[in-house]
Amino acid sequence: MGIADDRRDEPAETFRVVLVTADVADVDPKTRVAAVTIEDNDAQPTVSVVDDPVVTERSGTSAVVATLRVRLSARSSKPVRVDYQTLKGTAAPDADFVARDEVLQFAAG
Ligand SMILES: [Ca+2]
Ligand SMILES: [Ca+2]
């Protein structure tokens, strides 16, 4: 039975093999099925930020939003969860920007 090397990070997978019929022998009904487990050999993908955005303050009621792009290096068969948070620089949380401590998710596949 050939096993494909699919190059995708994933949980272990299983399939079964069943003895269906035999010539000049009987298939033992109690032990006719085997379970095969395929263990994954692929590394986890990496996540990274793509850019350093520049935003300009603006007066008025419309909010200015800084948008970051986050890249996943390869698809995964598992959902990828990324915890992220803002860290102060010369800009102070609340006074200069809205502090965040949140989760970003990439769906499986
Ligand atoms: Ca696989
Ligand atoms: Ca794999």
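Not measured: the values here are computed from a predicted model. Per chain, residue numbering runs from 1 following the sequence as it is written. Chain A is the first chain written and ligand 1 is the first ligand written, with later ones labelled in order. Side-chain atom pairs in this predicted model are given and counted only at pLDDT of 80 or more, local residue features only at pLDDT of at least 70, and totals for whole chains, interfaces and linings cover all residues.

Q: Explanation requested: the overall build of the protein in the structure shown.
A: Only DSSP runs of H or I covering at least 4 residues are called helices, and only runs of E covering at least 2 are called strands; the numbering of each starts at the N terminus. For the protein, the helix and strand inventory stands at zero helices and six strands. From first element to last, N terminus to C terminus, the protein shows the α and β order β-β-β-β-β-β. If you line up the protein on its principal axes, its C-alpha atoms span 90 × 25 × 20 Å. Between the buried cut of 20 or more and the exposed cut of 12 or fewer other C-beta atoms within 10 Å of a residue's own C-beta lies the partly exposed class, and all C-beta atoms are placed from the backbone. Sorting the 109 residues of the protein into buried and exposed places 0% on the buried side. We call two residues in contact if the C-beta atoms placed from their backbones are at most 7 Å apart. For the protein, restricting intrachain contacts to residue pairs at least 6 apart in sequence, the fraction spanning at least 24 positions comes to 52%.

Q: Which parts of the structure should I look at to understand the environment of Leu-19?
A: By the element assignment, Leu-19 lies in the loop between β1 (13-18) and β2 (33-38). Residue classification places Leu-19 among the partly exposed residues on the basis of 13 C-beta atoms within 10 Å. Through-space distance from the C-alpha of Leu-19 to that of Gln-105 is 43 Å; in sequence the pair is 86 residues apart. Not counting residues within four places of it along the chain, the set of residues in contact with Leu-19 comprises Val-27 and Arg-32.

Q: Just checking my understanding: could you explain unusual backbone geometry for this structure?
A: Excluding glycine, a negative phi dihedral is what most residues carry, and trans is how most peptide bonds are arranged. Look at Arg-7: it is not a glycine, yet its phi comes out positive at around 60 degrees. Along the chain, Arg-7 turns up in the segment before β1. Residue Arg-7 is classed as exposed on the basis of its C-beta count, with 11 C-beta atoms lying within 10 Å. Unlike most non-glycine residues, Val-24 shows phi in positive territory, near 45 degrees.

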